[in-house]
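Fold and contact review
Spelled out from the first residue to the last, the chains are:
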Amino acid sequence: LRLAEIMAKADIVPKDYIGKPGNILVAIQWGAEIGLAPLQAMSHIAVINGRPALWGDALLAIVRGSGLLASFEEDIGADSATCTAQRRGEAPISRTFSREDAKQAGLLGKAGPWSQYPRRMMQMRARAWVLRDLFPDVIRGLHVAEEAQDLPVERAMGPAEVLAPGSGASRTAAVKARLAQ
């Protein structure tokens, strides 16, 4: 905690961590879970929509560092990117992300990297899909930043309905009664 407090006051930490020792502590802990040193975690774990996410190159580095990656290949074209990877002892798998996929997801023409670097973004999407499918145990369920940036912002759903204890009504009965109304 003391280290996080000191780091939160530094000018050279990523802006999302300045003045936020709690976020630094969480990033360091996430990094420890996946094999990143504290400064690597702060550099490669981003907070996007309130959730930790890994930047694409860090994802590949963690998977390579696990010793479980048998082969890795990327084919990046003008209209699609395909990533093929193999985990030791398993068959290789491929994932492709195309311009058509990006268009369908509302990403093409979107301000930012999808307009500036569509080939790189397709590459990162295909890479994320194959590595997340093959190595969920290595990345421990962390999102990939390039995907997380494109997810809709979570919105508050309002307060939960609380049933009084001992009211005699089950949750199912309460829902049925509301539906009947």
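Just above sits the structure.
Predicted, not measured: the structure shown is a model, and the values here were computed from it. (Residues numbered from 1 in each chain as written. Predicted model: local features only at pLDDT ≥ 70, side-chain atom pairs only at ≥ 80, totals over all residues. Heavy atoms only, no water.)

Among the nonpolar cores identified, the biggest contains 39 residues, and I24, L54, L59, V63 and L131 are the most heavily contacted of them. Of all elements in the fold, only α1 (2–8), α2 (21–34), α3 (38–44), α4 (56–65), β4 (80–87), α7 (118–134) and α8 (136–139) reach the threshold of two or more residues within this core. By residue number, the principal contributor to this core is α7, which donates 7 residues. In this view, V63 contacts L68, L69, L131, F135, V138 and I139; residues no more than four positions away in its chain are not counted. (Core = buried A, V, L, I, M, F, W, Y, C linked by side-chain atoms within 4.5 Å. Buried < 20%, exposed > 50% of the residue type's maximum accessible area, 1.4 Å probe, protein only. Helix = DSSP H or I, 4+ residues; strand = E, 2+ residues; numbered from the N terminus. Contact = heavy atoms within 4.5 Å.)

Further remarks concern the sheet that holds strand β6 (residues 143–144). Sheets are built from strands that pair by backbone hydrogen bonding, the pairs being arranged parallel or antiparallel. Within the open sheet, the 3 strands sit side by side as β1-β2-β6. Their pairing is mixed. Edge strands, defined here as strands with exactly one partner in the open sheet, are β1 (45–48) and β6. Inspection of the sheet shows β1 paired to strand β2 (residues 51–54) by 4 bridges, in the antiparallel sense. Bridging from a neighbouring strand, I48 pairs with R51 of β2. (Pairing = 2+ DSSP bridges.)

We now examine the pairing of β4. Burial along β4 is one-sided: the residues A81, C83, A85 and R87 are buried and none of S80, T82, T84 and Q86 is. Here 7 bridges tie strand β3 (residues 69–76) to β4, and the two strands are oriented antiparallel to one another. Looking at β4, one finds that D75 is bridged to T82. Linking β3 to β4, which pair antiparallel, is a turn of 3 residues. Of the strand pairs in this sheet, β4 and strand β5 (residues 93–98) are connected by 6 bridges, and their pairing is antiparallel. Note on β5: the bridge partner recorded for S80 is S98.

To continue, consider the pattern of salt bridges. Evaluation of the coordinates by the stated rule reveals 9 salt bridges. Taking the shortest distance from any N to any O, the salt bridge between R127 and D57 comes out at 3.0 Å. Here the residue R127 occupies a position in helix α7, and D57 occupies one in helix α4, the gap between them amounting to 70 residues. R127 sits in the buried class, given a relative accessible area of 5%. Relative accessible area serves as the criterion here: at 47%, D57 is assigned to the partly exposed category. Of the charged contacts in the structure, one is a salt bridge between R127 and E74, with a shortest N-O distance of 2.8 Å. Taken together, the residues R127 in helix α7 and E74 in strand β3 connect sequence positions 53 residues apart. In the salt-bridge network here, residues are joined through shared partners; they are D57, E74, R120 and R127. (Salt bridge = Lys/Arg side-chain N within 4 Å of Asp/Glu carboxyl O.)

By themselves, these figures tell us nothing about what the structure is for.
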